[in-house]
Amino acid sequence: MKKLLSAAAVLALLAQPIHVAAKQVEPVKISGPANAKGVTNVTVGAFNVGFIFESIDRTAASGGLMGAFGGTTKAKSELVGVTPEMMQAITDAAYADFVAQLAAGGYTVQPAADLFGHTALAKTKSQEVPLDINIALEKGSKGKATYFKPSALPSLLMIPGDFMGSGMSSMGINMSAGQANMALNNYARETGVGVIDVVYLIDFSQQKRPGAFSFGGLQVNSALSVSADYSRMTLIAPSGKQSVITVKAPVAVEGEFVEKSDASSGTDKALQSGANVAGGVAAVMGFGGLRFGKTRKFAFTAKPGNYEEGAAKAANLASAMLLGRLGALR
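Just so you know, these numbers come straight off a predicted model, no measurement behind them.

A short note on the overall build of the protein
The number of helices and strands found in the protein is seven helices and 13 strands. Burial statistics for the protein: of 330 residues in total, 43% are counted as buried. Sequence-distant contacts, at least 24 apart, represent 80% of the contacts inside the protein between residues at least 6 apart. In the structure as shown, the protein presents an accessible area of about 15400 Å², 57% of it carried by carbon and sulfur atoms.

Below is the structure:
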């Protein structure tokens, strides 16, 4: 009886939330900063906005007593209610805002028609519009995203590093990205005009992904953000060399953009809860840590009007940050 009481006490103690101090993250990472020096005459060759519709996030499995309580925790989140028209409107607004900020920052912006009508791009084919990609997230997590281009640009081009695909379906996209990169590079060299490539990935859940959770598992919050690591701006200079500014901390805005609900079934919750308690008692009594975890499903329903406003605002803030850094390199 005393053993069982002790086990229950340990379970109660471990059930208390544990707060881990967040590490300070630099907002951006800059590669090749010297390549942007002196470049003031530019054109925008690509401006792609991706929208995550589904993400499956996992914690890392751990052994022993921690494994009994943490195990492999999985959160599956799905976004519903966002139409192609909404995504196109967000992309068009974000592009117009970016070009306006670029011009206000002292850059001379050449018409996109000059770029896409040039012989350097004669054999360059557009990616499928919209473009669906299975993306690899952190530490074994994965997601599905759909990318849109602005209506003002005739083609959806990506260059290597613009996305992190998973599976065989990404091979063709990677090959096209390599060809586009060469074509844009040739254009910059031949005309003396720098080419800017932008990609933003909008995350609907602002999840604290693996590494930022406690024994309670993944905390899923309803906010909108331009995702870290999957969003960046590249400047291809007339020299053919590149300056790349990558978002390293999510650019998030909070508001009433989506409604979150727990879509997990009651049966699933009951089974997982019972398994975790049994595994924890077994670990405390010396029978080893059983690797049970929690699986939760979350549904995010977009609020029309609010969602577009929030996503456009996140893109606006990301553009201001990236262009501020680019201007400083000039």
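Examining the packing of aromatic side chains
If you walk through the whole model with that rule in mind, you get five aromatic pairs. Summarising the aromatic geometry, the rings of F51 and F148 are spaced 6.4 Å apart at their centres and angled 80° between planes, so their arrangement reads as edge-to-face. In this pair, F51 sits in strand 2 (residues 41–58) while F148 sits in strand 6 (residues 142–148), placing the two residues 97 residues apart along the sequence. Here the two residues F51 and F148 agree in accessibility, since each one is buried. Geometrically, the ring pair formed by F204 and F300 is edge-to-face, given 5.0 Å between the ring centres and 65° between the ring planes.

So, the packing of helix 3 (residues 84–104) against helix 7 (residues 306–329)
Orientation of helix 3 relative to helix 7, taken along the N-to-C sense of each, is 30°, at an axis distance of 9 Å. When the axis of helix 3 is compared with that of helix 7, the two are roughly parallel. Seen from above, helix 3 lies across helix 7 with right-handed handedness. Contacts from M86, I90, A94, D97, F98, Q101 and L102 of helix 3 reach helix 7 at Y307, E308, A311, A312, A315, N316, S319, A320 and L323. For the contact of helix 3 with helix 7, the per-class residue count stands at eleven nonpolar, three polar and two charged.

Things to note about the pairing of strand 3 (residues 74–80)
The alternating pattern of strand 3 places A75, S77 and L79 on a buried face, while none of K74, K76, E78 and V80, on the opposite face, is buried. Examined bridge by bridge, strand 3 and strand 13 (residues 295–302) share seven bridges and lie parallel to one another. Note that in strand 13 the partner of A75 across the bridge is R296.

What about the nonpolar core?
The nonpolar side chains of a soluble globular protein tend to be buried, and buried together. Judged by nonpolar contacts, the single largest core of 80 residues is most densely connected at F47, F98, Y147 and Y307. For this core, the element with the highest residue contribution is helix 7, accounting for nine residues.

With respect to the pattern of salt bridges
Evaluated as defined, the whole model comprises four salt bridges. Between R232 and D162 there is a salt bridge whose closest N-O contact spans 3.1 Å. Separated by 70 residues along the polypeptide, R232 in strand 9 (residues 232–236) and D162 in the loop between strand 6 and helix 5 (170–191) bring together distant segments of the chain. Given a relative accessible area of 11%, R232 falls into the buried group.

Here's the deal with the environment of S55
Assignment of secondary structure puts S55 in strand 2. Taking the C-alpha atoms as reference points, S55 and I135, 80 residues apart in sequence, are found 9.2 Å from one another.

Section: the side chain of T234
Within the secondary structure, T234 is located in strand 9. Every residue in contact with T234, bar those within four places of it in the chain, is listed here: I159, V195, I196, D197, Q242, S243 and V244.

Overview of unusual backbone geometry
Negative phi characterises most residues that are not glycine, and trans characterises most peptide bonds. Looking along the chain, the bond that leaves V129 and enters P130 is cis, with omega of -10°. Relative to the helices and strands, P130 is located in the loop between helix 4 (112–116) and strand 5 (131–136). One non-glycine residue, D229, lies in the positive phi region at around 75°. For D229, the location among the structural elements is in the loop between strand 8 (224–226) and strand 9.

Things to note about the environment of A75
Tracing the chain through its elements places A75 in strand 3. For the pair A75 and F298, spaced 223 residues apart in sequence, the C-alpha separation works out to 7.3 Å.

Some details on helix 7
For helix 7, with 24 residues, the first-to-last C-alpha span of 35 Å sits near the 34 Å given by 1.5 Å per residue. Within helix 7, burial applies to Y307, G310, A311, A314, A315, A318, S319, L322, L323, L326 and L329.

Thoughts on helix 5
When the terminal C-alpha atoms of helix 5 are compared, their 31 Å separation across 22 residues agrees well with the 32 Å that a helix rising 1.5 Å per residue should span. Looking at the residues trailing helix 5, positive phi occurs at G192, about 75°.

Points about the confidence of the model for the protein
Here the protein averages 80 in pLDDT, and 71% of its residues register 70 or above. In the predicted structure, residues 1–5 sits below a pLDDT of 50 and forms two contacts with residues beyond four places in sequence or in another chain.

What to know about the side chain of D197
Mapped onto the secondary structure, D197 falls in strand 7 (residues 194–203). For the buried residue D197, which engages in no salt bridge, the nearest side chain bearing the opposite charge is R232, 5.0 Å off. Those residues within four positions of D197 in sequence are excluded, and the remaining contacts are A46, L157, M158, I159, D162, R232, M233 and T234.

What counts, and at which threshold
Residues numbered from 1 in each chain as written. Predicted model: local features only at pLDDT ≥ 70, side-chain atom pairs only at ≥ 80, totals over all residues. Heavy atoms only, no water. Helix = DSSP H or I, 4+ residues; strand = E, 2+ residues; numbered from the N terminus. Buried < 20%, exposed > 50% of the residue type's maximum accessible area, 1.4 Å probe, protein only. Contact = heavy atoms within 4.5 Å. Areas by Shrake-Rupley, 256 points an atom, 1.4 Å probe, with all protein chains shown as cover. Phe/Tyr/Trp six-rings, centres within 6.5 Å; stacked < 30°, edge-to-face > 60°. Axes fitted to C-alpha atoms, helices over the stretch in contact; angles between N-to-C directions. Parallel < 35°, antiparallel > 145°, perpendicular 65-115°, else oblique. Left-handed = near helix turned anticlockwise from the far one by under 90°. Nonpolar A, V, L, I, M, F, W, Y, C, P; charged D, E, K, R; others polar. Pairing = 2+ DSSP bridges. Core = buried A, V, L, I, M, F, W, Y, C linked by side-chain atoms within 4.5 Å. Salt bridge = Lys/Arg side-chain N within 4 Å of Asp/Glu carboxyl O. Expected span 1.5 Å × (residues − 1). pLDDT = per-residue confidence, 0-100. Lys, Arg positive; Asp, Glu negative; His and termini not counted.

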